[in-house]
Amino acid sequence: MRFPCPDLDPPYYAVIFTSRRTPGDDGYGATGERMEALAREQPGFLGIESVRSADGHGITVSYWRDLESIRAWRQHEEHRAAQARGRADWYEAYEVRVCRVERAYGADRQRA
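Below you will find a few notes about this structure. (Residues numbered from 1 in each chain as written. Predicted model: local features only at pLDDT ≥ 70, side-chain atom pairs only at ≥ 80, totals over all residues. Heavy atoms only, no water.)

A count of helices and strands for the chain gives 3 helices and 4 strands. Listing the helices and strands of the chain from first to last along the sequence gives β-α-β-β-α-α-β. Here the C-alpha atoms of the chain give a radius of gyration of 15 Å, agreeing with the 13 Å that 2.2 N^0.38 yields for 112 residues. C-alpha extents for the chain along the principal axes are approximately 40 × 30 × 20 Å. (Helix = DSSP H or I, 4+ residues; strand = E, 2+ residues; numbered from the N terminus. Rg over C-alpha atoms; globule rule 2.2 N^0.38 Å.)

The 4 strands are arranged 2-3-1-4 in an open sheet whose pairing can be described as antiparallel. In this open sheet, the two edge strands, each paired with only one partner strand, are strand 2 (45-52) and strand 4 (91-101). Mean inter-strand twist for the sheet, computed between neighbouring axes without regard to direction, equals 15°. The sheet contact formed by strand 2 and strand 3 (residues 57-64) spans 7 bridges and is antiparallel. Bridging from a neighbouring strand, Ile48 pairs with Ser62 of strand 3. In this fold helix 1 (residues 28-40) packs onto strand 1 (12-21), strand 2, strand 3 and strand 4, with an angle of close to 160° to the strand it touches most, strand 2. (Pairing = 2+ DSSP bridges. Axes fitted to C-alpha atoms, helices over the stretch in contact; angles between N-to-C directions. Contact = heavy atoms within 4.5 Å.)

Here we come to the pairing of strand 1. Counting buried positions along strand 1 yields 7 of 10 residues, so the element is predominantly enclosed. Bridging between strand 1 and strand 3 involves 8 bridges; their strand directions are antiparallel. Among the inter-strand pairings, Val15 is bridged to a residue of strand 3, identified as Ser62. (Buried < 20%, exposed > 50% of the residue type's maximum accessible area, 1.4 Å probe, protein only.)

The nonpolar side chains of soluble globular proteins are, as a tendency, buried together. Formed by Tyr13, Val15, Met35, Leu38, Ala39, Phe45, Ile48, Trp64, Ile70, Trp73 and Ala82, the largest nonpolar core amounts to 11 residues. Breaking this core down by element, the ones donating at least two residues are strand 1, helix 1, strand 2 and helix 2 (67-75). The element best represented in this core is helix 1, accounting for 3 residues. When near neighbours in sequence (up to four residues on either side) are disregarded, Trp73 contacts Met35, Leu38, Ala39, Gln42, Trp64 and His79. (Core = buried A, V, L, I, M, F, W, Y, C linked by side-chain atoms within 4.5 Å.)

This brings us to the environment of Ser53. Here Ser53 lies in the loop between strand 2 and strand 3. A relative accessible area of 33% places Ser53 in the partly exposed class. Along the primary structure Ser53 and Arg21 are separated by 32 residues, whereas in three dimensions their C-alpha atoms are 10.0 Å apart. At a separation of 2.3 Å, a polar atom in the side chain of Ser53 contacts the side chain of Asp55. (Polar contact = N/O pair within 3.5 Å; in protein donor to acceptor, adjacent residues only side chain to side chain.)

In this structure, Ala14 sits in strand 1. Owing to a relative accessible area of 5%, Ala14 belongs among the buried residues under this scheme. Put simply, Ala14 and Val98 are 84 residues apart on the chain and 5.8 Å apart in space, counted from C-alpha to C-alpha. Setting aside chain neighbours within four positions, we find Ala14 in contact with Val61, Ser62, Tyr63, Arg97, Val98, Cys99 and Val101.

So far we have only geometry, and geometry alone does not tell us how the molecule works.
In structure tokens form, the structure reads like this:
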């Protein structure tokens, strides 16, 4: 994963997933890798950024072309199974926010 995500041309949508993990892995890492690979195959997917602190707090932001692409990903059968597993086993708490990005800018010394 590149961080930050490469340049994207607004408007687009960001799905912000904040979470607090339960202790242990219990298949979480492998499932996360599978979900990222699967998301990359979905129509409308633009990119992803993710960080997690040592104490289990994390933020993952996925970027999408439109709301229809987000809905389709949310309903994907394998993703739904991972969501259920997350609620049952991997997350003490989580929040999902869907936002429209109207403007974006930044700097990257390595690309300058």
